[in-house]
Amino acid sequence: MARYAVEHIWEGKQEYFLIRDHQSWQMVLFPSKYLTHLIRANRSPNTVGRRAKSIRFYLEYLDEKKMELSQVAELEFQEQYEHYVGFLHWLKAGNHLHEKKEKLPSNKTCNAYLKDVFRFFCFLELESDMERLKVLYYDSFTTHDSIGVKRKLRFRSFNGYLKEEERNVRPAEHQEILELLKQCTNCRDQLLIMLLAETGYRIGEILGVDYTRDIDYERHTIRVFFRDDNENKARAKNAAYRRSKVSDATFQFLLFYLSKYREFLQHQPMLFVNIEGETKGKALQVDAVYRMLERMEKKTGIHTTPHMLRRYFGNMRRDAGWPLEMISEAYGHKHIDTTIKYLNLVDDQLM
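About the cut-offs
Residues numbered from 1 in each chain as written. Predicted model: local features only at pLDDT ≥ 70, side-chain atom pairs only at ≥ 80, totals over all residues. Heavy atoms only, no water. Helix = DSSP H or I, 4+ residues; strand = E, 2+ residues; numbered from the N terminus. Buried < 20%, exposed > 50% of the residue type's maximum accessible area, 1.4 Å probe, protein only. Contact = heavy atoms within 4.5 Å. Areas by Shrake-Rupley, 256 points an atom, 1.4 Å probe, with all protein chains shown as cover. Axes fitted to C-alpha atoms, helices over the stretch in contact; angles between N-to-C directions. Parallel < 35°, antiparallel > 145°, perpendicular 65-115°, else oblique. Left-handed = near helix turned anticlockwise from the far one by under 90°. Nonpolar A, V, L, I, M, F, W, Y, C, P; charged D, E, K, R; others polar. Pairing = 2+ DSSP bridges. Phe/Tyr/Trp six-rings, centres within 6.5 Å; stacked < 30°, edge-to-face > 60°. Lys NZ or Arg CZ within 6 Å of the ring centre and 35° of its normal. Expected span 1.5 Å × (residues − 1). Arc of directions from axis to C-beta.

## Describing the overall build of the protein chain
1) Next: For the protein chain, the helix and strand inventory stands at 15 helices and eight strands.
2) Next: In the protein chain, which comprises 351 residues, the proportion classed as buried is 48%.
3) Next: Partitioning the intrachain contacts of the protein chain with sequence separation of at least 6 by distance along the chain shows that 55% fall at a separation of at least 24.
4) Next: Counting every atom, the protein chain has about 20,400 Å² of accessible surface; 49% of that belongs to carbon and sulfur.

## As for the packing of helix α4 (residues 77-92) against helix α5 (residues 107-127)
1) Next: The geometry of α4 relative to α5 is characterised by a closest axis approach of 9 Å and an angle of 135° between their N-to-C directions. Of the possible angle classes, the one that applies to α4 and α5 is oblique. Note on packing geometry: the crossing formed by α4 with α5 is right-handed. Two secondary-structure elements touch here, α4 through Tyr-84, Phe-87, Leu-88, Leu-91 and Lys-92 and α5 through Asn-107, Cys-110, Asn-111, Tyr-113, Leu-114, Val-117, Phe-118 and Phe-121.
2) Next: Residues of the contact of α4 with α5, tallied by class, amount to ten nonpolar, two polar and one charged.

## Examining the sheet that holds strand β3 (residues 26-27)
1) Next: Across the sheet, which stays open at both edges, the three strands sit in the order β1-β2-β3 with antiparallel pairing between neighbours. Strand pairing shows two members of the sheet lacking a second neighbour, β1 (4-11) and β3, which therefore form its edges.
2) Next: With eight bridges connecting them, β1 and strand β2 (residues 14-21) associate as antiparallel partners. For Tyr-4, the partnering residue across the bridge sits in β2 and is Asp-21.
3) Next: Contacting β2 and β3, helix α1 (residues 29-40) runs over the sheet at an angle of about 165° to β2.

## Brief notes about the packing of aromatic side chains
1) Next: Summed over the entire model, instances satisfying the criterion amount to 25 aromatic pairs.
2) Next: On the basis of an interplanar angle of 50° and a centroid distance of 5.2 Å, the ring pair of Tyr-61 and Phe-87 is categorised as tilted. Here the residue Tyr-61 occupies a position in helix α2 (residues 45-65), and Phe-87 occupies one in helix α4, the gap between them amounting to 26 residues. Side by side, Tyr-61 and Phe-87 carry an identical accessibility label, which is buried.
3) Next: Just above the ring of Tyr-261 sits the side chain of Lys-260; from NZ or CZ to the centre is 5.8 Å.
4) Next: The ring of Tyr-342 has Arg-311 sitting right over it, with the charged end atom 4.6 Å from the ring centre.

## Quick word on the pairing of β2
1) Next: Among the eight residues that make up β2, seven are buried, leaving the element largely enclosed by the rest of the structure.
2) Next: Following β1, the chain reverses through two residues before pairing antiparallel with β2; Gly-12 in that reversal takes a positive phi of roughly 65°.
3) Next: Pairing between β2 and β3: two bridges, direction antiparallel. From the neighbouring strand, Arg-20 faces β3, where its bridge partner is Met-27.
4) Next: Taking the residues between adjacent antiparallel strands as the criterion, β2 and β3 are bridged by four residues, where Trp-25 takes a positive phi near 60°.

## A look at the packing of α1 against α5
1) Next: Between α1 and α5, the shortest axis-to-axis distance is 10 Å and the interhelical angle comes to 100°. One finds that α1 runs roughly perpendicular with respect to α5. For the pair formed by α1 and α5, the contact residues are Phe-30, Pro-31, Lys-33, Tyr-34 and His-37 on the first element and Arg-119, Phe-120, Phe-123, Leu-124 and Glu-127 on the second.
2) Next: Residues of the contact of α1 with α5, tallied by class, amount to six nonpolar, one polar and three charged.

## Side note on the side chain of Asn-107
1) Next: Tracing the backbone shows Asn-107 in helix α5.
2) Next: With relative accessibility at 14%, the residue Asn-107 sits in the buried group.
3) Next: Residue contacts for Asn-107: discarding those within four places in its chain leaves Lys-92, Leu-162, Lys-163, Glu-164 and Glu-165.

## Focus on unusual backbone geometry
1) Next: For Trp-25, which is not glycine, the phi torsion reads 60° and is therefore positive.
2) Next: Along the chain, the position of Trp-25 falls in the loop between β2 and β3.
3) Next: Residue classification places Trp-25 among the exposed residues on the basis of a relative accessible area of 54%.
4) Next: The residue Lys-66 is not glycine, and still its phi comes out positive at about 55°.
5) Next: Tracing the sequence through the fold places Lys-66 in the loop between α2 and α3 (69-74).
6) Next: Take Lys-66: its relative accessible area is 71%, and that puts it in the exposed class.

## Description of the pairing of strand β8 (residues 242-245)
1) Next: On β8, burial follows the alternation: Arg-242 and Ser-244 on one face are buried, whereas Arg-243 and Lys-245 on the facing-out side are not.
2) Next: Bridge count between strand β7 (residues 221-224) and β8: four bridges; the pairing is antiparallel. Each bridged residue has a counterpart across the sheet, and for Arg-223 the counterpart in β8 is Arg-243.

## Description of helix α11 (residues 286-300)
Spacing of three or four residues puts side chains on the same side of an α-helix, whose turn is 3.6 residues.
1) Next: Between its first and last C-alpha, α11 extends 21 Å over 15 residues, near the 21 Å set by a 1.5 Å rise per residue.
2) Next: The set of residues buried in α11 consists of Ala-288, Val-289, Met-292, Leu-293 and Met-296. All buried residues of α11 fall inside an arc of 135° around its axis, so they share one side. Seen from the open side of α11, the exposed residues pointing more than 90 degrees away from its buried face are Asp-287, Arg-295 and Lys-298.
3) Next: On its buried side, α11 packs onto α6 (174-183), α7 (187-199), α8 (203-207) and α12 (306-319).
4) Next: Among the residues trailing α11, Gly-301 stands out with phi positive, at a value near 80°.

Structure follows, in structure tokens:
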């Protein structure tokens, strides 16, 4: 049985996280303090929840090694390096999983857990007398490029991360989307699929749309607006403001949806709501969308995710002649390299 557990505490609408030691039933102080700091710094609950999970896994690893956090900080560089490489392989072997039948994590996931642990140690350096991890020291030097401009190059001394697998997510195809729309049992699911494909918004951005404030009913546009108090915890990534125009046919379908479910929608502002069951009328959550798409896959044999629909958007805009920079802006990407990875571009086209 796991020694540590992540717990949730609510103060009004604000969710806090803490880590509890089940042997002593005491809150583990510094990890819990760090998670509270993240919430107060307005990090998303999903981000804080993931970091809580990463730290819990690391505490389990330390428990197996009979070590304390302070002891790790006191290790020499090579010992620290081997300690964290060992943690990565411990994760990769699935030692952190409750049940062995659970899927083993990818190399990228293991690396992300370790990066979360490193962020926690940076916090400890500021909040306690603990010394900085030697594997996190920055080395830097100044050099000149080919035209004589000075550049300062920096790199981390820790380079023991696992080699990450190539992520190969294909875009949804037009005929697949049409078939899914035909097989949907209600207009809410149809509208959700249509908007994901037409706007290229992330699933959290779509579920965070407030139909009373975020829709321009004259211009047929839907905007992404950052807020952190949505009932379903949906929020825009990077607090990026964007606006997307939808087709006239889809907008008419949106108005039909609002009319059909006005009994549920009039009691809260979120565009997408649960339409049956005990949570009828409550804002739709991300998990419910994935469950819906899994049911559709069993029915049609078509595997689709919100991210595949997002990739469909970009590839359709590229085929329509949109410049790469415009697609990147529509996606809300910070770096155009990310956009390139989303699109089915070959070297000749990039040249």
